[in-house]
Amino acid sequence: MAKKIPFNVVFASDEDVNFPASELNTHGPTVHGWRSTVDGSLTTHDIILRFQQPAKIYRIQLLAHQYLIPEKVELWLHYSPKSLPSTPSSQYFDFLGFVALADNANTNYKSRELQSVTVTPRRGTHLKLRLIGSQDNEYNRTGQISLLAVNVLGEDLDVGTGSNGNGNGNGEDHIGSEAPPLDTATGELALASICDDLLFSMYVEESIVKYIRELEQRKTLAVSSERFEYARKLKLCMTALRTAGERLGRYSLAKRQAVQQEDFTTAKLRKEQMEMYRASVLRQLQVQQLLESQGVQSTNDQSCEIYAGGKPSLPPAPSLQEVAHALAEAALSPKSITSQSQDDKSSTDGSLGQASNESVVAVPASSVPAPTVPSALHATPTHTGGWRKSHDEIPQSPRLPSRHSSPMCSRQGSLRRRNKSVPRNSYEDYEERAIPTLRHSNTNEFLRECQGNALLEADPNRGRSRLNDRERRQAALPILVFGSELVEQFYSRQFQDREDGLMRLRNFLKELEVVEVPSNEHAASPNKVARSAALLLHRAVRDAVYSVFSQATETVRVLFLEYVPGRVSPSEVARCVDRLLPELLAKSGDPSARLHTLAQHTILSIAACPEVAEQSLVAPALSRSVGSGTHQRLAMSRLQMLEQLVHTQGISTDKHSGLTCRALSECGCSGIHHPAEPVRKVAERILLLVYKINPRMVRKQLPPDDDITRRNLLYRQLFTEFDKLDLDRKQELLEASKYVGGHSSGDAATPPTDKPTTSSDASRLLKSKSGQGLGLAASSSNGYASCNGKQQYNEQLKRSMLSASNSRKGSASNSESTEDNTPKIHCPFCNWSCAGSDATQLDRHYWKACPFLTKCPQCSQVLEVAALNYHLTTECDAKESYVVCTRCTESVHKQLYELHQMEDYCRELKTGAARCPLCHDDVHLPVDGGWKLHLLSAAGCPGNIRKKNPKKSN
C-alpha cells in the first residue's frame, strides 16, 4: 500500500529569505511553504527533492498558494542506484507531465488549490518541480510564486531490486506494467494510513496525527485478532480525533500569528488553550485506554456509553476567557497568596502577581496591535480544509468585518474590564467561525452542529432577529396589537421561533373572550387584529420551511373560519384576502405535492368563509383565462379549485361572482388549449358542467361543429360528450311530455316509466343520431318542448350526415344496439367495436390502433391521415417550418424541400385525387370512399404502421 515518501529539498533556483525551500520538508498547519524572491528576474523556478531512499512513485500532490500562483508546474523524475554516483550535472530527469493551476479569481483569491496527480508506477530517487510563469492579480504585483506543500506517495524500493536498473533515470524497467494498489471499495489509491494524505497532514495538529497513527496500527491488530468491538471503537475515536485535530491546528496557527506580532500574552493563552483542549479530548475519548499501553484490556471489547451511539461527542473547546479565568484561579490559589500580596505593588504597571512558575500578564488594550482579520481558504478542484492567511500574506479583506465591528466585541468588553488578563485579539472574535473550505466538508459538520447547539443553549434569543427600523415601520400595527416579542418570532432566523409565533397567533385568534370584553378599552378592534394577522401571515406563507408553511396555512384557516365571521367588516376581509391569496396561488403551483395540496385546501377554506363568499373574492382570481405558457401544476391547481367551487357554490348569475356561465366557459375554453393533457381534462369537465346549464354559451366559445373541426381529436371528444348530454336532455323532455299527456287524459297516478319510448319520432331521433356519427350540428337550447321542435332537430341532424350510406349503416347499427341490451363502443372511422361503456377504450383505440388516424410528427396530435398535410402547414406549432410542395401538394420541411423535389414520388397530382402523406400514393375520389378503401382495405396503406384491427364480435 502507498505511504508518504520522506524527502529533503537539495536544490532551489531561488527563494525568499523568510520562506525558504526547506519549509517543503514538513507538513502541518503552521508551515509557510516556499516562495520565490521579490521582483526576481527568473521566469522558470526549479526545486529538486531527494528521497531518503529509492522509492516507487504512485502519486504526487501539490498545494498551491491562494494568490501567488504559477501558471503550471512540470514534474520530472530521476532514478540513480546507490552504486552509481549522483551529482546535479550527471542527473537525467524523465518528464512525467505538467499540472495547470487555476487563476483563483472566481474565489476572490481566498482558496488554495490541491492537485493530486496519479502517475504510472515509476521508481526514482529525485523529483524536480519546474514552476513556470506567474498569474498576475491585485495581490501579486511583483510576479512572485509560491508552493505551500508537496507530498509524494509510493512504496519503498528494495535496494536489491533498485540495483538492477540501468541508471538512465527513467526508472521504467521491470515496473512499467505494474498497476498501483487500489482500494477495492472506492477505486482510489490505497493508502497505508490516512495520515499520509496531504489533505490530512496539512490541517491536523501534529500531536493528534501521532495518536491517530498509533490507533490505526491498533485497529489493524484488532481486526486480525477478531476484536471487532475494539476495532469499532478505534475507528470512531480516529474520526473524532481528526475533528479535534483540525481545531487544534487552527489554534496553533493563531499562536504562531501572535508570536509573529510579539503578542506573547496571547501566545501563552493559546498554548494553554491547546493543552487544555487536547487533554480534555484525550480524556473524553479514552485514548490512553484504547492504546492499551499496559497490555490487553477486556473493557475495550465491551460496549461503553461514549461509543454506543455512533460518533462520540467532543468536549466543548475552552475560550480564551475561560483559559484566563483558569490561570487567574491558579494564580490566586492558597499556595500563592504570599507571593500574590508581594506582587500587588507592581500591578500598577500592567502586570499581575505570579504564582510558582505560572504568571498572568495583563497588557493595556490600547498597547496591543490589532492583527489583520484572516481570510479563509478552500481548495479546488479537490476541496481541502482551508486556513486563515497570516498578517504577511495579503491585506485585510473588505468582506470580513474589522475587530471593532465584530459582533462579539460587546460581550467581551465586560470580561476584559473584570479580568485584566484577557487580551484584545481578533481571533477571539473569529475562532468559532467555520473555515469556508470546511463549510461543505463532512469532517466539520459535527463541529458546526455542536457549536450551533451550544450557542443556542447559552442564549435562547441568539438566533432571533432584532427588528431594524424598516421592519419596525412595516410591522408597526402588529407590534401594537400583538406585542414586539411575538412579531420578533415571525422575523426570527430560527424556524422553531417562527412556528412558536404562529401557534401563539392561532391561540390568540381562538380566544374569543379577549375581543368580546367591552371593559377593555385598550383592546384592538377586530379589524385591526385581522389586518395585523394578515400582515404577519403574508410573511409566513412565503416561508421555505414546510413545517412553518403548514402552521401558517392552519392559522389562515382559523382566521377566516373562526375569527372573521360576524366580527370583521367586509372591506377589511377583502383587504386580507387580497394580501394572502396571491401568495397561496403561487404556492398552489409548487412542484411538491404536499405544498400545492395544502395551498389548495387553504384557498378553498378561505372561499368557504361566508364573508368571502358574499363578496366573491376568490372565484374571480381562479376563473381567469389559462394561457398556454402557464405552468402545468399552477394551471391544473387553479382549474381543480374552480371545479370544486362550481360543485360547492354552483353557477351564479351575478356577473361579479366569477362563477357565471360566460366566465366559466371562457376559462374552460382557454384550458382545453393548454399543452398539458391533465389540464385539458379538467377544463373539459368544467365545460361539461356549464353545458348542462347553458349549451348555447359554451358552443359560442368553441369553433363551429363541422367536419373540419371534428378532425381535431380534442374537439371530437368534447362534441361527442355534448351530444350525449343533448340526447339525455331530449329523452328527459320526451318522457316528461309523455307523462304530461297521460296526466291530462286522466291517468294522473301513473309516473313516467324508465322504458324507452316507442313512438316513431323517438325512433327516428335515435336512428338519425347514430347515423350522423360524429358530425352533429349545433343544436338549439329551446327547441325540445314540442313534437314540431323535435322534428326540426331531426331534420338538422339528417342534413349534417356525410352520406346516405353512412346514415343507413349508422341507423342499422344503432337499431341493433337498441335491441341489444349490452352496451358497445364503436369507432366512427374503422367500424371497430368493443363491448362495455368505458370511454377510455375508445381513446386508446384512437391513440394507438385506429388505421384511419395518425400522429403529427411535430406536435404528436392525433388526427386523420387525410388532414395531416393541411395540419402541418396551418395548425401545427411548427407550421412555420413547413411549406406546400407546388408539384405534389404535400407538406415538406423547408430544409428538405430541395431533396423532396428530387424524389421519385414527387410528381404532379392527378385531377380529382388526393396525395397520401404516408405512402405518397394517389387516393382517388370520392374522398371519403377513397380514403377508407386506401386505409381500411385488407392490404392497407403501405406506409401506415397501424393495421386494421378485426371487428370484435362481442
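Small disclaimer: the values here were computed from a predicted structure and weren't measured.

## What to know about the overall build of the chain
Within the chain, the regular secondary structure consists of 35 helices and 18 strands. Looking at the chain residue by residue over its 954 residues, the buried ones come to 47%. In the chain, the share of contacts with a sequence separation of at least 24, taken over all contacts with a separation of at least 6, comes to 67%.

## Structural notes on the packing of helix H4 (residues 228-260) against helix H5 (residues 264-285)
Where H4 contacts H5, the two axes come as close as 8 Å, and the packing angle between them is 170°. One element, H4, and the other, H5, form an angle in the roughly antiparallel class. On the side of H4, the interface is formed by Cys237, Ala240, Leu241, Ala244, Arg247, Leu248, Tyr251, Ser252, Ala254, Lys255, Ala258 and Val259, while H5 contributes Phe264, Thr266, Ala267, Arg270, Lys271, Gln273, Met274, Tyr277, Arg278, Val281, Leu282 and Leu285. Split by residue class, the contact of H4 with H5 holds 16 nonpolar, 3 polar and 5 charged.

## Details of the environment of Leu291
Checked against the element boundaries, Leu291 lands in helix H6 (residues 287-291). The residues touching Leu291, leaving out its near neighbours within four places in the chain, are Tyr211, Glu214, Leu215, Arg218 and Tyr230.

## Observations regarding the pattern of salt bridges
Under the criterion given, the structure shown has 27 salt bridges. Where Arg278 meets Glu205, a salt bridge forms, and the shortest distance between an N and an O atom there is 3.4 Å. In this pair, Arg278 is assigned in helix H5 and Glu205 in the loop between helix H2 (198-201) and helix H3 (206-224), connecting sequence segments 73 residues apart. Bridged by salt links that share partners, the residues Arg699, Asp705, Arg710, Asp723, Asp726 and Arg729 form one connected network.

## What to know about the pairing of strand E5 (residues 72-78)
Most of E5 sits inside the fold, with 6 of its 7 residues counted as buried. As defined by bridge partners, E5 adjoins strand E6 (residues 94-100) across 6 bridges and the pair is classed as antiparallel. The residue of E6 that forms the bridge with Glu74 is Phe98. Examined bridge by bridge, E5 and strand E7 (residues 114-132) share 7 bridges and lie antiparallel to one another. Residue pairing in the sheet places Lys72 in a bridge with Ile132 of E7.

## Focus on the packing of aromatic side chains
Enumeration over the complete set of coordinates arrives at 10 aromatic pairs. Between Tyr109 and Tyr139, the ring centres sit 5.9 Å apart and the planes meet at 80°, which makes this aromatic pair edge-to-face. Here Tyr139 lies in the loop between E7 and strand E8 (146-156) and Tyr109 lies in the loop between E6 and E7, a separation of 30 residues in the sequence. Centroid distance Tyr691 to Phe722: 4.1 Å. Interplanar angle 5°. Geometry classified as stacked. Within this pair, whereas Tyr691 is found in helix H25 (residues 677-691), its partner Phe722 is found in helix H28 (residues 713-744), the two being separated by 31 residues in sequence. What links up through ring pairs into an aromatic cluster is the set Tyr691, Tyr715, Phe719 and Phe722. Against the face of Tyr277 rests Arg247, its NZ or CZ located 5.9 Å from the ring centre. Here the basic side chain of Arg594 rests over the ring of Tyr546, its NZ or CZ set 4.0 Å away from the ring centre.

## Observations concerning the environment of Arg59
Examined against the element boundaries, Arg59 turns out to sit in strand E4 (residues 44-64). Its relative accessible area of 14% is what places Arg59 among the buried residues. It is 6.1 Å that separates the C-alpha atoms of Arg59 and Val152, two residues lying 93 residues apart in sequence. Those residues within four positions of Arg59 in sequence are excluded, and the remaining contacts are Ser116, Val117, Thr118, Val119, Asn151, Val152, Leu153, Glu188 and Leu189. Of the polar contacts made by the side chain of Arg59, one reaches the side chain of Thr118; its length is 3.2 Å.

## Topic: the nonpolar core
Counting 84 residues, the largest nonpolar core has Leu559, Phe560, Val612 and Leu702 as its most contacted members. With 9 residues, H25 is the largest single contributor of residues to this core. When residues of this core are sorted by domain, at least three fall in each of domain 3 (466-511 + 525-615) and domain 4 (616-725). Apart from residues no more than four positions distant in its own chain, Leu559 is found in contact with Leu509, Ala530, Ala533, Leu537 and Val564.

## Let's talk about H5
For an α-helix, 3.6 residues make a turn, and residues three or four places apart therefore share a direction. Between its first and last C-alpha atoms H5 spans 31 Å; for 22 residues at 1.5 Å apiece the expected length is 32 Å, and the two agree. In the stretch just after H5, Gln286 is the one whose phi turns positive, near 55°.

## Digging into the confidence of the model for the chain
Per-residue confidence for the chain averages 74 on the pLDDT scale, and 71% of its residues sit at or above 70. In this model residues 161-174 is a low-confidence stretch, pLDDT under 50, and it forms 32 contacts with partners more than four residues away in sequence or in other chains. Here residues 949-954 is a poorly scored stretch, pLDDT under 50, and it has 11 contacts once near neighbours within four places are set aside; other chains count.

## As for unusual backbone geometry
Notably, Glu262 is not glycine yet its phi reads approximately 60°, a positive angle. The exposed category is assigned to Glu262, whose relative accessible area is 60%. Even without being glycine, Thr889 reaches a positive phi, approximately 65°. Note on placement: Thr889 falls in the loop between strand E15 (882-884) and strand E16 (891-893). According to the relative accessible area criterion, Thr889 is partly exposed, its value standing at 36%.

## Digging into the packing of helix H24 (residues 661-671) against H25
At a closest axis distance of 8 Å, the pairing of H24 and H25 adopts a crossing angle of 155°. On the basis of the axis angle, H24 is roughly antiparallel to H25. Between H24 and H25 the crossing geometry is left-handed. Every residue of H25 that contacts H24 at Cys661, Leu664, Ser665, Gly668, Cys669 and Gly671 is listed here: Val679, Arg680, Ala683, Ile686, Leu687 and Val690.

## Quick notes on helix H19 (residues 570-588)
Spanning 19 residues, H19 covers 25 Å between terminal C-alpha atoms, matching the ideal 27 Å at 1.5 Å per step. Along its length, H19 reaches its greatest deviation from straightness, about 30°, at Leu580, and the proline Pro582 lies no more than four positions downstream. Burial in H19 covers these residues: Glu572, Val573, Ala574, Cys576, Val577, Leu580, Leu581, Leu584, Leu585, Lys587 and Ser588. Of the surrounding secondary structure, the elements contacted by the buried residues of H19 are helix H17 (526-540), helix H18 (546-563), helix H20 (593-607), helix H21 (610-615), helix H22 (619-622) and helix H23 (632-649).

## Some details on the side chain of His45
By the secondary structure assignment, His45 is in strand E4. Judged by its relative accessible area of 5%, His45 falls in the buried class. From its side chain, His45 meets the backbone oxygen of Leu42 in a polar contact 3.4 Å long. Look past the residues within four positions of His45 in its chain and what remains in contact with it is Ser13, Asp14, Trp34, Ser36, Leu129, Arg130, Leu131 and Ile145.

## Details of the state of the cysteines
As enumerated under the stated definition, the model contains 0 disulfides in all. No disulfide involves Cys885; its sulfur sits 3.6 Å from the nearest other cysteine sulfur, which is in Cys888. For Cys885, a relative accessible area of 1% translates into the label buried.

## A few points about the environment of Lys72
As for its position among the elements, Lys72 is in strand E5. Overall, the relative accessible area of 27% leaves Lys72 in the partly exposed class. Along the sequence, Lys72 and Ala102 sit 30 residues apart, while their C-alpha atoms lie 9.0 Å from each other.

What counts and how
All residue numbers refer to positions counted from 1 along the written sequence of the respective chain. Local features in this predicted model are restricted to residues of pLDDT 70 or higher, and side-chain atom pairs are both shown and tallied only at a pLDDT of 80 or more, whereas totals for entire chains, interfaces and linings draw on every residue. Each side-chain value is worked out from all heavy atoms of the structure, with water and hydrogens disregarded. A run of DSSP states H or I qualifies as a helix once it reaches four residues; a run of E qualifies as a strand once it reaches two. Both are numbered from the N-terminal end. For the exposure calls, accessible area comes from a 1.4 Å probe over protein chains only, and a residue counts as buried if that area is under 20% of its type's maximum, exposed if over 50%, partly exposed in between. Contact definition: two residues touch when any of their heavy atoms are within 4.5 Å. Every axis corresponds to a line fitted to the C-alpha atoms, with the helix fit spanning only the stretch in contact, and the corresponding angles, defined between N-to-C directions, vary from 0 to 180 degrees. Orientation is classified from the angle alone, with under 35 degrees giving roughly parallel, over 145 giving roughly antiparallel, 65 to 115 giving roughly perpendicular, and any other angle giving oblique. Classes in brief: Ala, Val, Leu, Ile, Met, Phe, Trp, Tyr, Cys and Pro nonpolar; Asp, Glu, Lys and Arg charged; the others, Gly included, polar. A side-chain nitrogen of Lys or Arg and a carboxyl oxygen of Asp or Glu constitute a salt bridge if their distance falls within 4 Å. Pairs of strands are assigned from DSSP output, requiring at least two bridges between the strands. For this analysis, a ring pair means two rings from Phe, Tyr or Trp (six-membered ring only for Trp) whose centres lie within 6.5 Å, classed as stacked if their planes differ by under 30 degrees, edge-to-face if by over 60, and tilted for the remaining angles. As a reminder, the over-ring test applies to NZ of lysine and CZ of arginine, requiring each to be within 6 Å of the ring centre and within 35 degrees of the ring normal. Here a polar contact is taken to be a pair of N or O atoms separated by no more than 3.5 Å, where protein atoms must pair a possible hydrogen donor with a possible acceptor and residues adjacent in sequence count only if both atoms sit in side chains. Joining through side-chain atoms within 4.5 Å is the link that ties buried Ala, Val, Leu, Ile, Met, Phe, Trp, Tyr and Cys residues into a set, and such a set is a nonpolar core. Domain segmentation is taken from an automatic or database assignment of domains. Every helix has an expected span of 1.5 Å times one less than the residues it contains. Per residue, pLDDT measures the predictor's confidence, with a range of 0 to 100. Crossings are classed by handedness, with left-handed meaning an anticlockwise turn of the near helix from the far one by less than a right angle and right-handed meaning a clockwise turn. Here the bend at a residue is taken as the angle between two axes, fitted respectively to the seven residues that end there and the seven that start there. Disulfide: a pair of cysteine sulfur atoms within 2.5 Å of each other.

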